[in-house]
Each structure stands twice: as C-alpha cells, then as structure tokens.
Amino acid sequence: MPVILTVDDSPSMRKMVSFTLIGAGYKVIEAVDGLDAFEKAQDQPIDLVLTDQNMPRMDGLGLTRKLREHPRFKTVPILMLTTESCDLMKQAGRAAGATGWLVKPFDPSRLIEVIKKVIK
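A quick note: this is a predicted structure, and the numbers were derived from the prediction, not measured. (Residues numbered from 1 in each chain as written. Predicted model: local features only at pLDDT ≥ 70, side-chain atom pairs only at ≥ 80, totals over all residues. Heavy atoms only, no water.)

1. Observations concerning the overall build of the protein chain
To be explicit about the condition: The helix and strand labels rest on DSSP assignments: H or I over at least four residues marks a helix, E over at least two residues marks a strand, and numbering proceeds from the N terminus. Radius of gyration here uses only the C-alpha atoms, and the compact-globule reference equals 2.2 Å multiplied by the residue count raised to the power 0.38. Accessible area is worked out with a 1.4 Å probe on protein chains only. A residue is then buried under 20% of its type maximum, exposed over 50%, and partly exposed in between. Pairs of residues are marked as contacts when any of their non-hydrogen atoms sit within 4.5 Å. Counting rule applied: Lys, Arg positive; Asp, Glu negative; His and chain ends not counted. By convention, the point assigned to a charge is CZ for Arg, NZ for Lys, CD for Glu and CG for Asp.
For the protein chain, the helix and strand inventory stands at 5 helices and 5 strands. Counting from the amino terminus, helix and strand elements in the protein chain follow one another as β-α-β-α-β-α-β-α-β-α. Scaling as 2.2 N^0.38, a compact globule of 120 residues should have a C-alpha radius of gyration of about 14 Å, and the protein chain matches this with 13 Å. Across its three principal directions, the C-alpha atoms of the protein chain cover 30 × 30 × 25 Å. In the protein chain, which comprises 120 residues, the proportion classed as buried is 50%. Of the contacts formed within the protein chain by residues at least 6 apart in sequence, a portion of 62% connects residues at least 24 apart. The protein chain carries 17 positive and 15 negative side-chain charges, and their two centres are separated by 5 Å.

Spelled out as structure tokens, the structure:
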C-alpha cells in the first residue's frame, strides 16, 4: 500500500484529503507544516508528498527544496495542493522540484487520478 505524506496547516483540509486518499487505498501520514513533514519523512518510506504552499514555520516550496536536497527524495513525487494559482508561483514550484500543482478546492477523483499518474 503506497504511503502519502499530506501536509496542510488546516485540520479540516487534512481530514478531507486523508478521507479521499484512504478511501482510494493509500496509507496516509499527516503533517501540520513543512517542518513537521520533513521530520516525519525521515521516519519511514514515503511514496508521495502532497503539500500545501502557505503554512507557518516552513511553506510548501521550502519543504520541496529541503526534500530534494536528500538523495532519498530526489525521485519521490511532490504535488502542491494549494489555493495559489498564479503562473509565477507554479514556476517557483517547478524550480523547487515539485512534480505537479493542484488548486484548492480540489476534486477528489481528479486528485486520485493525478496521484495514480505520478506514483511509482
């Protein structure tokens, strides 16, 4: 069962995302911000990271850059799930190493479709 690390400072968004992913057969690890996610990513194998952009302590781009610095996370797909939709922000995401960009509010079936395309 693939493991997805979901990162969002909103408890309701974490619950919604987890509900969608668990229903599709994924194991979910929740983190409240980039720092929490980075710490949790060290503890077990992660098959995909799904992160918000705007969070306290460490944002999604910061998390993406930090993960990409480690050989273990060079090829792990990282999807941004955020309210940010401007092209400049998406370019920054690509530059940081993000695999894809999804805009909130999300369509659960589209989210699963994208994850199935990028997960190993």
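2. Considerations on the packing of helix 3 (residues 60-68) against helix 4 (residues 87-96)
Put simply, the test is: A fitted line through C-alpha atoms represents every axis, and for helices the fit uses only the stretch in contact; the resulting angles, taken between N-to-C directions, go from 0 to 180 degrees. Any angle that falls under 35 degrees is termed roughly parallel, while one over 145 is termed roughly antiparallel, one within 65 to 115 roughly perpendicular, and all others oblique. Note on convention: the crossing is left-handed when the near helix lies turned anticlockwise from the far helix by less than a right angle, right-handed when the turn is clockwise. Nonpolar residues are Ala, Val, Leu, Ile, Met, Phe, Trp, Tyr, Cys and Pro. Charged residues are Asp, Glu, Lys and Arg, and all others, Gly as well, are polar.
Look at helix 3 against helix 4: their axes get within 9 Å of each other, and the N-to-C directions meet at 15°. The pairing of helix 3 with helix 4 is recorded here as roughly parallel in orientation. For the crossing formed where helix 3 meets helix 4, the hand is right-handed. Taken together, the residues of helix 4 that come into contact with helix 3 (itself represented by Leu61, Thr64, Arg65 and Arg68) are Met89, Ala92, Gly93 and Ala96. The class makeup of the residues in the contact of helix 3 with helix 4 is 4 nonpolar, 2 polar and 2 charged.

3. A closer look at the packing of aromatic side chains
This is how it is decided: Planes of paired rings set the category: under 30 degrees apart is stacked, over 60 is edge-to-face and the rest tilted, where pairs are Phe, Tyr or Trp rings (Trp by its six-membered ring) whose centres lie within 6.5 Å. Look at NZ for Lys and CZ for Arg. If either is within 6 Å of the ring centre and within 35 degrees of the ring normal, a charge sits over the ring.
A complete count under the given rule lists 0 aromatic pairs for this structure. The aromatic ring of phenylalanine 38 is capped on one face by lysine 66, whose charged end is 4.7 Å from the ring centroid.

4. Observations concerning helix 4
Heads up, the rule is: Directions drawn from the helix axis to the C-beta atoms are what define this arc.
Buried within helix 4 we find Met89, Gly93 and Ala96. The buried residues of helix 4 occupy an angular sector of 65° when projected down its axis, which confines them to one face. Opposite the buried face of helix 4, at more than 90 degrees from it, the exposed residues are Asp87, Leu88, Arg94 and Ala95. The inward-facing, buried residues of helix 4 abut helix 3 and strand 5 (100-103). Directly beyond the C-terminal end of helix 4, a positive phi value near 115° is found at glycine 97.

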